[in-house]
Amino acid sequence: MKFATSLVLASAVSLATAHGFVKRITIDGKSYGGPEPGSDDNSPSIIRKIQDTNPVKDPSSAEITCGRNAQKAQLSAPVRPGSQLQLFWDGGDGTPWPHEAGPILNYMANCNGDCANFDPATANFFKISEQGRPGGENGPWFLANLLTGAPANLTIPNDLAPGNYILRHELLALHLAEKEGGAEYYPSCSQVTVQGKGSNAAPTPTAKFPGAYSPTDPGILNKHVFDDGFQYKFPGPPVAQFATQGGIGSSNSTSSVPAPRPAPTQPSQPSGPGNQSGNGNGRGGDPDSEENSRRSCRLKKAEGKSHDKRDGQDHVTPRMRRVAKKRSSEFTPPTQN
Ligand SMILES: [Cu+2]
């Protein structure tokens, strides 16, 4: 009996493969591919290669900096203040990114020289943007856009001084965040060279990775993450402030980030300032819409065979939970005798 159980568990674990990695980045329309995780591909890239698509689970581990066993990359892509980047995630093995709940956070740090030889473990990272729920506290997360293959979006801050920088882009999946150690971190580092005439060479505040996050931060461990009206508090330092420049018309990078390219499905795109912080006043998409729920369940079904068996509650939306709860309370067990 016990033997049979562990056999089942073992086969379930062996099927757990895909979570995600950054496969490609476009910068002002120009595309830069990256290596497959764990591959032998050592061709020059701006994206630092990671070992596999699994999440980082411990924010105090060295992996929190740039991902699991991240390798240095040889290239650096030219950008300028205001450059628009699109980061395309892949679940591995041709599957889409699988998790819909959680924020997207973006940081940069000066390499003080060539990034190709830079160890970012001691770098001073400043946050350039953070994205929660474009439609407000009950709406879907920005992360849900990625389920469709749409990219994450960010803008190089106005006024950022020229130099070589590590860009630390991170998805923080919260589907298991009700339990300590449940949150999943997916950091991805790329190397960029900022050109132009920006003057801010030392944006503040800064933080280190590891160091910036604690496993008990309210944006990382939270029993209420799937409750109606949940107010999300982003982990890490506040977004660094940048001077207004160049006519994008905003005093900081939080609201200077342009609206992401429209995704083919929910959630709807943000349209005003504040939407990037996750504390928008709008009441946009309905997270409990039948369409969202169906889509999520379809996804769960489609990937259930190969994805993430360790994560028992993977892809379960609040609505799915409520429905399940209701069903079980309505269920009358048959009389036994
Ligand atoms: Cu995953």
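Above this text you will find the structure in question.
All values reported here derive from a predicted model rather than from experimental measurement.

What's the story with the overall build of the protein in this structure? I'm lost.
Scanning the protein from terminus to terminus reveals five helices and 10 strands. Long-range contacts, defined here as pairs at least 24 residues apart, represent 75% of the contacts in the protein between residues at least 6 apart.

Looking at this model, I keep getting lost on unusual backbone geometry. Mind explaining?
Trans peptide bonds make up the majority, and among non-glycine residues the majority have a negative phi. With an omega of -5 degrees, the peptide bond running from T204 to P205 counts as cis. Within the secondary structure, P205 sits in the loop between β9 (184-194) and β10 (206-207). The omega torsion across F209 and P210 is 0 degrees, close enough to zero to call that bond cis. Structurally, P210 is set in the loop between β10 and α3 (253-256). Positive phi is not limited to glycine here, since D93 has a value of about 55 degrees. Considering the arrangement of structural elements, one finds D93 in the loop between β4 (84-90) and β5 (104-110). By the C-beta count within 10 Å, which is 11 here, D93 ends up exposed. Located in the positive-phi region is N112, a residue other than glycine, with phi close to 50 degrees. Mapped onto the elements, N112 comes out in the loop between β5 and β6 (125-131).

Can you help me understand the sheet that holds β5 in this one?
In a beta sheet, neighbouring strands are held together by backbone hydrogen bonds and run either parallel or antiparallel to one another. Spatial ordering of the open sheet is given by β3-β9-β8-β5-β6-β10, a layout of six strands whose pairing is mixed. Sheet topology places β3 (77-79) and β10 at the edges, where each strand pairs with a single neighbour. Across five bridges, β5 lies against β6 in antiparallel orientation. Pairing of M108 across the sheet is with F126, part of β6.

Can you walk me through the sheet that holds strand β1 (residues 21-27) in this structure?
Spatially, the four strands line up as an open sheet ordered β2-β1-β4-β7, and their pairing is antiparallel. Here the strands that pair on one side only, and so sit at the sheet edges, are β2 (30-33) and β7 (152-155). Taking the axes of each pair of neighbouring strands and ignoring which way they run, one obtains an average angle of 25 degrees across the sheet. Pairing of β1 with β2 involves four bridges; the strand directions are antiparallel. In the sheet register, T26 faces β2, and the bridge partner there is S31.

I tried to follow the environment of N42 on my own but got confused; where do I start?
In this fold, N42 is placed in the loop between β2 and α2 (63-66). The exposure class assigned to N42 is exposed, which follows from the 10 C-beta atoms found within 10 Å. Spatially, the C-alpha atom of N42 lies 10.0 Å from that of Q71, the residues being 29 residues apart in sequence.

The rules behind the values
Residues numbered from 1 in each chain as written. Predicted model: local features only at pLDDT ≥ 70, side-chain atom pairs only at ≥ 80, totals over all residues. Helix = DSSP H or I, 4+ residues; strand = E, 2+ residues; numbered from the N terminus. Contact = placed C-beta atoms within 7 Å. Buried ≥ 20, exposed ≤ 12 C-beta atoms within 10 Å, placed from the backbone. Pairing = 2+ DSSP bridges. Axes fitted to C-alpha atoms, helices over the stretch in contact; angles between N-to-C directions.

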